[in-house]
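# Analysis of the macromolecular model
So you can see what is in the structure, the chains are spelled out below.
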Amino acid sequence: MADMLPLQTSTLAGEIFPAVRPRSAVLRNVALAVAGSLLMVAAAKIKVPFWPVPMTLQTLAVLAIGAAYGARLGAATIALYIAYGLAGLPVFTNTPPVAAGPLYLVGPTGGFLAGFVLAAAIAGWAAERGASKLRLAGGLILADAVLMSVGCLWLAFGAQMAGGAMGVGFAKAFAYGVQPFLLGEALKVSLAACLAGAGWSLLGRRG
């Protein structure tokens, strides 16, 4: 696993937890993945009152994990979180009352869950480039845009809806699945960028 999911030293977690031996790197990566996946569970269950709709903290957690862990470990951490739900654990925002399991991923929010993995990978890729805070912020914006796009397209054309319909069409998907959340997403992207910047400032790195 250490070879498959190397933790780049150019990421926050790589700087804080540098690898010493291959075996310790494996244990470190596993511990970080489990901790990050549990953070995702908590973020899914926290609903913050916001206008025009309440928001969870999942996007913030996804972007922060990607920026801290790097592309591969970040994406693997989010995949581990999704695996909990596939196994039937009630880790997603709507579980309960909706039942977890494989069928959950073909429902309306399945595309957003897949988008989480891509967003973490993109955020991690941006973090690994050793870029400035401004460029990292650009990477986080791109990551969130990809997340929302994948979620919207799935909701529009691929989601299994009540009555057997496949999707709700692009106009409804954007109106109900994206537009009400844009302000909240902008806030979460800003917070993730600030958290990453603060972490590097504490380490005395990056401009």
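Every chain begins its residue count from 1, and numbering advances along the sequence as written. Whole-chain, interface and lining totals are the exception, using all residues; otherwise, since this is a predicted model, local features are given only for residues with pLDDT of at least 70 and side-chain atom pairs are given and counted only at 80 or more. Hydrogens and waters are ignored; side-chain quantities use all the structure's heavy atoms.

### Notes on the packing of helix α2 (residues 22-45) against helix α3 (residues 58-69)
- Think of each axis as a best-fit line through the C-alpha atoms, taken over the contacting stretch in the case of a helix, with angles from 0 to 180 degrees between the N-to-C directions. Numbered from the N terminus, helices here are DSSP runs of H or I no shorter than four residues, and strands are runs of E no shorter than two. Between α2 and α3, whose axes approach to 8 Å, the crossing angle comes to 165°. On the basis of their axis angle, the class for α2 and α3 is roughly antiparallel. In this structure, the crossing between α2 and α3 has a hand that is right-handed. Here α2 contributes Leu32, Ala33, Gly36, Leu39, Met40, Ala43 and Ala44 to the contact with α3, which in turn contributes Gln58, Ala61, Val62, Ile65 and Tyr69.
- Residue composition of the contact of α2 with α3, grouped by class: 10 nonpolar, 2 polar and no charged. Here roughly perpendicular refers to angles of 65 to 115 degrees, roughly parallel to angles under 35, roughly antiparallel to angles over 145, and oblique to all remaining angles. Should the near helix be turned anticlockwise from the far one by less than a right angle, the crossing is left-handed, and should it be turned clockwise, the crossing is right-handed. Any two residues whose heavy atoms approach within 4.5 Å at even a single point are treated as in contact. In this count, Pro and Cys sit with the nonpolar residues alongside Ala, Val, Leu, Ile, Met, Phe, Trp and Tyr, while Asp, Glu, Lys and Arg are called charged and the others, Gly among them, polar.

### With respect to unusual backbone geometry
- A cis amide bond links Thr95 with the next residue in sequence, Pro96, at an omega value of -15°.
- Tracing the backbone through its elements, the reader meets Pro96 in the loop between α4 (71-86) and α5 (110-128).
- Backbone torsion omega between Pro96 and Pro97 reads 10°, so that peptide bond is classified as cis.

### Remarks on the environment of Met148
- For Met148, the location among the structural elements is in helix α6 (residues 133-157).
- Owing to a relative accessible area of 10%, Met148 belongs among the buried residues under this scheme.
- Setting aside chain neighbours within four positions, we find Met148 in contact with Phe112, Gly177, Val178, Phe181 and Glu185. Partly exposed describes any residue whose relative accessible area lies between the buried limit of under 20% and the exposed limit of over 50%, with all areas from a 1.4 Å probe on protein chains only and scaled to the type maximum.

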